[in-house]
Amino acid sequence: MTPRSFLLTPELADYVRAVSEPVDDVVDDLLAETAALAARGEASPTYQIAPEQGAFMQLFTRAVGARRAIEIGTFTGFSALCIARGLPEDGSLLCLDRSAEWTAVARRYWERAGLADRIEVRLGEALPTLRALPAEDAFDLAFVDADKTGYAAYVEELYARMTDNGVVLLDNTLRGGRVLDPQDEDDVALAELNRGLAADPRWETVLLPVSDGLTVLRRR
Ligand SMILES: C[S@@+](CC[C@H](N)C(=O)[O-])C[C@H]1O[C@@H](n2cnc3c(N)ncnc32)[C@H](O)[C@@H]1O
């Protein structure tokens, strides 16, 4: 099953895709390979961002003029591919993920898309990796899509690492609607984070109802 915005009916999700930037063969094949992984029970069917979110993130990356980007939670590389496509030729994307297996799939598609030279993967636990980056490593764009209970620490760590006006995107901030009635620790973590960010004067915050909720934070 292709991931879709949970607020949309399947028919509306098809419509949204039909009138948005089309996906090419590389993305088509990546979506199919990832869906097969999920069908075999080797990955969650909800991991990958929806195609329309990918199209948005590619456009957004270009529109904000990001040159240096970081992603926390890469999986088989679809969101990274979209961000990398939005970067200029001399731009770079640093991907943090603990799975060698899934990021190996990602690398094959980045190579096919001619993007491999813009993307670097650091394998391991994301938080210590992020904390170990040199202080002068600054990012124009960050995308967070890893363990939900880690989001608050990632946001805190990213604050000092974003350029002025740098933008952080947080995925799954609606948790399928369960932020209204949290069912597990991931839901609780994001409900608390959403509440905290809304009151945090360091960030300008908007939660967009794109796919499973995409929060946009701009460092003031
Ligand atoms: C939801 S998937 C990312 C999906 C990806 N953004 C996409 O659109 O295809 C989450 C990824 O985060 C990674 N991950 C989860 N917790 C992590 C952690 N603490 N440190 C590093 N990677 C982590 C998992 O290995 C997985 O690949």
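Above: the structure in question.
In this report, the structure presented in the accompanying data block is examined. Keep in mind it's a predicted model, so treat the numbers as computed, not measured.

Description of unusual backbone geometry
Next, step 1: Of note, Asn-172 is a non-glycine position whose phi angle comes to about 65 degrees, a positive value.
Next, step 2: Turning to its location among the elements, Asn-172 is positioned in the loop between β5 (162–171) and α8 (185–198).
Next, step 3: Its relative accessible area of 10% is what places Asn-172 among the buried residues.
Next, step 4: Non-glycine residue Ser-211 carries a positive phi angle of around 50 degrees.
Next, step 5: Overall, the relative accessible area of 5% leaves Ser-211 in the buried class.

Focus on the packing of aromatic side chains
Next, step 1: Per the counting criterion, the structure on display carries five aromatic pairs.
Next, step 2: Aromatic pair Tyr-47 and Phe-75: ring centres 5.0 Å apart, planes at 90 degrees, arrangement edge-to-face. With a gap of 28 residues between them, Tyr-47 in the loop between α2 (25–39) and α3 (51–63) and Phe-75 in the loop between β1 (68–72) and α4 (78–86) connect regions that are remote in the sequence.
Next, step 3: Classification of Tyr-47 by relative accessible area gives partly exposed; the value is 41%.

Notes on the layout of surface pockets
Next, step 1: As a volume, the largest pocket reaches approximately 930 Å³.
Next, step 2: Contributions of two or more residues to the lining of the largest pocket are made by α4 and β2 (92–97).
Next, step 3: Within the lining of the largest pocket, the residues separate by chemical class into 15 nonpolar, 13 polar and twelve charged.
Next, step 4: There is about 290 Å³ of room inside the second largest pocket.
Next, step 5: Taken together, 18 residues line the second largest pocket, and the ones lying closest to its centre are Glu-21, Pro-22, Gly-54, Ala-55 and Gln-58.
Next, step 6: Taken together, the elements giving at least two residues each to the lining of the second largest pocket come down to α3 and α4.
Next, step 7: Take the lining of the second largest pocket: its biggest share by element is seven residues, from α3.
Next, step 8: Residue composition of the lining of the second largest pocket, by class: eleven nonpolar, three polar and four charged.

So, how was this worked out
- Residues numbered from 1 in each chain as written.
- Predicted model: local features only at pLDDT ≥ 70, side-chain atom pairs only at ≥ 80, totals over all residues.
- Heavy atoms only, no water.
- Helix = DSSP H or I, 4+ residues; strand = E, 2+ residues; numbered from the N terminus.
- Buried < 20%, exposed > 50% of the residue type's maximum accessible area, 1.4 Å probe, protein only.
- Phe/Tyr/Trp six-rings, centres within 6.5 Å; stacked < 30°, edge-to-face > 60°.
- 1 Å grid on protein atoms, 1.4 Å probe; cavity = no way out; pocket = protein on both sides within 12 Å on 5 of 7 lines; lining within 4 Å.
- Points joined across faces, edges and corners; volume = space filled by probe spheres on them.
- Nonpolar A, V, L, I, M, F, W, Y, C, P; charged D, E, K, R; others polar.

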